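Working through the structure, step by step
So the chains spell out like this:
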Amino acid sequence: MTFNLRDYGANIWARANKWQRYLMALVFIVAAFSLPLLENTFFNTPNTPFVSVLFYPIGLYTLMALGLNVVVGKSGLLDLGYVAFYAVGAYTAGLLGASLKLNTWEVMPIGIALAMLSGLILGAAVLRLKGDYLAIVTLGFGEIIRITALNSPAIGASMGITDIANPPTTFGFKFDLDNPESYYWTILIIIIITIMAIRILSIRRPGRAWEAIRQDEDVAELMGVNIYKYKLWAFVFGAAVGGAAGVLFASESMFISPNIFKLEVSIFILAFVVFGGMGNIWGVILGAVLLSYIPERIRFLSDARMLIFGLVLIIMMNLRPDGLLPRKKREKIKSDKKDSK
Amino acid sequence: MTNPVILELKDLTMQFGGVKALNQVNLSVKKGEILALIGPNGAGKTTVFNVVTGVYKPTNGEILFNGSSLKGKSRHRITKSGIARTFQNVRLFGDMTALENVLTATDVHNKSGLMGAMFTSPRSRREESASRKKAQEILEFIGIANRSDQLARNLPYGDQRRLEIARAMGTNPQLLLLDEPAAGFNPSEKKALGELIVKIRNSGYTVLLIEHDMSLVMDISDRVAVLDFGEKIADDLPKLVQDNPKVIEAYLGVPADAS
């Protein structure tokens with residue numbers, strides 16, 4: 001393949017000066033904010049309101065893919081229980097909204113904090129494990145959260161929590177069924193903040209530490225990286241993003257139940273990360289947007305939908321095993337084996 | 001030389017199952033010297049490095065660095081206290097640039113963490129620019145500054161080896177452990193590397209060197225210690241070690257008539 005979208009994009013960015021970069025970023029942001037205008041065009045999703053699809057699944061899954069990417073893509077920690085943090089955020093919103101009458105924006109920091117705390121607890125317990133073992137234990141953790149919720153009458157058991165309040169009207173934007181774009185724009189703002197945070201971290205100490213851990217954690221430690229601490233940070237950062245997604249999800253759908261937080265969600269989000277290109281935020285965003293949009297777009301195929309979806313996945317992973325936009329690598333590697341041990 | 005001892009191994013024993021990789025090894029490295037650690041393959045040289053840097057916990061014995069024991073210290077703390085190493089087979093962070101490789105190491109003495117980086121705290125900003133300046137200086141010192149923005153995996157082999165040394169120096173060590181830095185080099189490259197190691201020593205580092213190339217070892221080291229089957233059989237000035245019958249025996253075997 002001679003044309004390489006990632007390098008093409010990276011080159012344009014590299015050649016641009018500061019103002020051109022601001023301009024490009026602005027154009028992208030404006031374009032993203034005006035996506036609801038595409039309703040009733042070719043891109044419209046049959047059977048589901050387009051603007052709602054922009055929020056869920058597209059926006060939410062993109063956000064969570066970005067969070068998981070820090071854990072899996074940047075630091076190389078295979079986390080199969082990411083849905084747990086999403087659940088913690090959502091349940092925080094559901095419970096605190098009802099009992100303390102807090103609105104969504106007040107719950108948001110608490111939801112994020114609790115998700116981070118659960119990330120810290122889980123991480124402290126399991127991050128001494130590596131590779132497959134870590135994957136299995138995190139998978140178990142995700143299921144434990146769901147099953148605990150399922151068996152706790154205090155938080156609704158299998159009935160879940162209903163009548164969660166929508167966010168209050170903010171800056172003149174109404175959050176209800178008639179104004180789905182408000183949710184989309186909110187999640188977009190959170191996504192933009194997350195992207196900025198990840199980009200800043202990537203070029204500084206934490207990003208280097210994560211990258212070093214992913215490539216060779218033994219050497220990283222011998223070069224003075226406190227690998228345990230930075231793995232924990234990666235987990236906690238990912239958890240925070242998942243928690244934010246959960247809070248917003250609960251207040252939009254007004255209803256949550258343990259059924260929503262199944263293992264499949266973790267697997268899906270991991271698929272977005274891998275499909276888009278592990279470690280590259282633009283790839284991950286592209287992967288998440290495409291993979292959460294396509295099933296909605298072809299919903300008219302009903303049962304054949306997931307078949308087509310799976311086929312797309314298989315074909316893509318054969319053509320581009322590193323994902324749509326793989327991480328920065330300016331040359332094809334010949335000596336991968338040598339470095340990885 | 002009456003320089004103070006910087007690293008001291010006391011009765012160090014490292015046992016893997018039934019194999020004694022190191023058997024009661026005593027060794028002291030003096031500040032400011034180049035001490036070469038030689039011996040046939042499998043003699044336990046790299047094991048010494050692994051035990052000193054905390055990769056293995058010694059079965060017995062003690063390691064003193066600047067007079068205090070390294071026992072129970074985690075690897076990154078040992079590095080932070082002033083010991084850094086390179087690896088026998090190059091183990092760079094291949095997907096990072098040369099500069100980033102060194103920066104990862106210089107970070108060990110930085111205090112700002114994730115929050116500082118995320119919110120661009122003054123300290124994080126200050127440390128980041130100081131680190132970049134220092135990393136660039138190290139690359140210049142080693143002579144690969146022109147490579148600083150290239151990915152480590154794309155560097156020529158010789159520069160990868162030099163970058164390993166640069167990365168170790170990034171941790172600002174007092175003691176530098178070099179594990180066969182000249183492996184795979186041709187004679188002129190070896191000579192240049194020898195000069196580099198001397199230059200490193202002259203700028204205030206202490207070097208413990210594992211090397212197979214005897215002419216390089218004899219040229220640059222102040223002292224040579226010889227390991228054989230996990231035991232130290234000699235520890236002396238280079239030319240005295242060369243003539244030591246035990247050393248000759250370890251390398252060449254016993255003459256037929258002597259047995």
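In this text, all values refer to a predicted model and were calculated from it rather than measured experimentally. (Residues numbered from 1 in each chain as written. Chains lettered and ligands numbered in written order. Predicted model: local features only at pLDDT ≥ 70, side-chain atom pairs only at ≥ 80, totals over all residues.)

Side note on the overall build of chain A
Looking only at helices and strands, one finds 13 helices and zero strands in chain A. Counted from the first residue to the last, chain A has its helices and strands arranged as α-α-α-α-α-α-α-α-α-α-α-α-α. For 341 residues, the compact-globule estimate of 2.2 N^0.38 gives 20 Å, and chain A sits close to it at 20 Å. Summarising its shape, the C-alpha atoms of chain A cover approximately 55 × 50 × 45 Å along the three principal directions. Pairs at least 24 residues apart make up 77% of the contacts formed inside chain A by residues separated by at least 6 positions. (Helix = DSSP H or I, 4+ residues; strand = E, 2+ residues; numbered from the N terminus. Rg over C-alpha atoms; globule rule 2.2 N^0.38 Å. Contact = placed C-beta atoms within 7 Å.)

Thoughts on the sheet that holds strand β1 (residues 5–16) of chain B
Residue and element names in this part refer to chain B. Within the open sheet, the four strands sit side by side as β2-β1-β4-β5. Their pairing is antiparallel. Among the strands making up the open sheet, the edge pair consists of β2 (19–30) and β5 (68–69). This element, helix α1 (residues 45–52), spans β1, β2 and β4 (60–65) of the sheet and lies at about 70° to β2. (Pairing = 2+ DSSP bridges. Axes fitted to C-alpha atoms, helices over the stretch in contact; angles between N-to-C directions.)

Looking at the packing of helix α8 (residues 205–222) of chain A against helix α3 (residues 98–106) of chain B
For the pair α8(A) and α3(B), the least separation of the axes is 10 Å and the interaxial angle reads 100°. Taken together, the axis directions place α8(A) and α3(B) in an arrangement best described as roughly perpendicular. Packed against α8(A), whose contacting residues are A:Arg208, A:Ala209 and A:Ala212, the element α3(B) presents B:Glu100, B:Leu103 and B:Thr104 at the interface. (Parallel < 35°, antiparallel > 145°, perpendicular 65-115°, else oblique.)

Section: the confidence of the model for chain B
Looking at chain B as a whole, the pLDDT averages 91, with 98% of positions reaching at least 70. Both scores are given for the predicted complex: the pTM is 0.89, the ipTM 0.91. (pLDDT = per-residue confidence, 0-100.)

Some words on unusual backbone geometry
Going from A:Tyr56 to A:Pro57, the amide bond is cis rather than trans, its omega being 10°. Summarising the element assignment, A:Pro57 is placed in helix α3 (residues 50–74). You will see that B:Asn66, though not glycine, has its phi angle at about 50°, which is positive. For B:Phe229, which is not glycine, the phi torsion reads 45° and is therefore positive. Inspection of the secondary structure puts B:Phe229 in the loop between β9 (223–228) and β10 (231–236). By the C-beta count within 10 Å, which is 16 here, B:Phe229 ends up partly exposed. (Buried ≥ 20, exposed ≤ 12 C-beta atoms within 10 Å, placed from the backbone.)

Quick notes on the sheet that holds β10(B)
All names here are of chain B. Here six strands make up an open sheet; going across it, the order is β6-β7-β8-β3-β9-β10 and the pairing mixed. Sheet topology places β6 (83–85) and β10 at the edges, where each strand pairs with a single neighbour. For this sheet the average axis-to-axis angle between neighbouring strands, irrespective of direction, equals 20°. Where β6 meets strand β7 (residues 175–179), three bridges bridge the pair, whose relative direction is parallel. When the bridges of β7 are listed, Arg 85 appears paired with Leu 177. Running at roughly 150° to strand β8 (residues 206–210), helix α7 (residues 187–202) makes contact with β3 (34–38), β7 and β8 of the sheet.

Things to note about the pairing of β8(B)
Residue and element names in this part refer to chain B. With five of its five residues buried, β8 lies for the most part within the structure. Alternating positions in β8 separate into two faces, Thr 206, Leu 208 and Ile 210 on one and Val 207 and Leu 209 on the other, with burial throughout. Relative to β8, β3 runs parallel, the two being bridged by four bridges. By the bridge assignment, Leu 35 is partnered in β8 with Leu 208. Here β7 pairs with β8 via five bridges, running parallel. Within β8, the position partnered with Leu 176 by the bridge is Val 207. The β-α-β motif built from β7, the intervening α7 and the parallel element β8 has right-handed crossover chirality. (Right-handed = clockwise from strand over helix to strand, strands pointing away.)

With respect to the pairing of β10(B)
All names here are of chain B. As judged from the five bridges shared by β9 and β10, these two strands associate in the antiparallel manner. From the neighbouring strand, Leu 227 faces β10, where its bridge partner is Lys 232. Where β9 hands over to β10, the hairpin turn is made up of two residues, of which Phe 229 adopts a positive phi near 45°.

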